[in-house]
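Structural characterization, general
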Amino acid sequence: FVKAGIVCLPVLLALFIGASRIHDRYHWPADVIMGSLIGSIAAITSYLSHFHVPWDPNRSHLPLIVSGLVAHQPLYSPENNVADFL
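Quick look at the structure, then. Along every chain, residues carry numbers that run from 1 in the direction the sequence is written. The model is predicted, so local features are restricted to residues of pLDDT at least 70 and side-chain atom pairs to those at 80 or more, both for listing and for counting; the totals for chains, interfaces and linings are taken over all residues. Hydrogens and water are ignored here; the side-chain numbers use all heavy atoms of the structure.

Turning next to the overall build of the protein chain. Each helix and strand counted, the protein chain has 2 helices and 2 strands in total. What counts as a helix is a DSSP run of H or I of at least four residues, what counts as a strand is a run of E of at least two, and both are numbered from the N terminus. Traced from its N-terminal end to its C-terminal end, the protein chain shows the element sequence α-α-β-β. Taken across its 86 residues, the protein chain has 7% of its residues classed as buried. Contacts in the protein chain between residues at least 24 apart in sequence constitute 0% of all its contacts with a sequence separation of at least 6. Think of it in three bands: with a 1.4 Å probe and only protein chains considered, a residue is buried below 20% of the maximum accessible area for its type, exposed above 50%, and partly exposed in between. Throughout, a contact is declared for two residues whenever any of their heavy atoms are within 4.5 Å.

A separate point is unusual backbone geometry. The backbone of Arg25 sits at a positive phi, close to 60°, despite the residue not being glycine. Within the secondary structure layout, Arg25 lies in the loop between α1 (2-23) and α2 (29-50).

Between its terminal C-alpha atoms α1 stretches 31 Å, which fits the 32 Å expected from 22 residues at 1.5 Å a residue. Looking one or two residues past α1, Arg25 carries a phi angle of roughly 60°, positive in sign. Expected helix span is taken as 1.5 Å per residue step, with the number of steps being one fewer than the number of residues.

What follows covers a nonpolar patch on the surface. Patch definition: residues with relative accessible area over 30% and no salt bridge; like charges joined within 9 Å; nonpolar side chains (Val, Leu, Ile, Met, Phe, Trp, Tyr) joined within 5 Å. Surface accessibility in these figures is a Shrake-Rupley result with a 1.4 Å probe; residues are shielded only by whichever protein chains are displayed. What counts as a salt bridge is simple: a side-chain nitrogen of Lys or Arg found within 4 Å of a carboxyl oxygen of Asp or Glu. A contiguous nonpolar patch, built from Ile44, Tyr47, Leu48, Val53 and Trp55 and spanning about 510 Å² of accessible area, is present on the exposed surface. With respect to the helices and strands, Ile44 occurs in helix α2.

Here you go:
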C-alpha cells in the first residue's frame, strides 16, 4: 500500500497542477492534455531504454544489458575496442 502511494503521489501532484493551470486560465485544456501525453511517453521511453519491463518482478529493478554493456555507458571509450562492435 505504501509503494502505491509513492507511485501515485507524483501523478496526483501533476493532475493537481494541470487542473490549477486550467482553472487559472494559464493554459487551454488541450495544452495540458498534450503536455501530459508528451511527458508520459518520454518517461515510459526513458524507463524502458534503461530497465526491463516493470511487470517482471525478478528483473524490473535491474539495468538493461546491451551487448555486454550497461545501456547508459558510451559505446566507444578508450577501454573498448572498435572491433568488438563490428
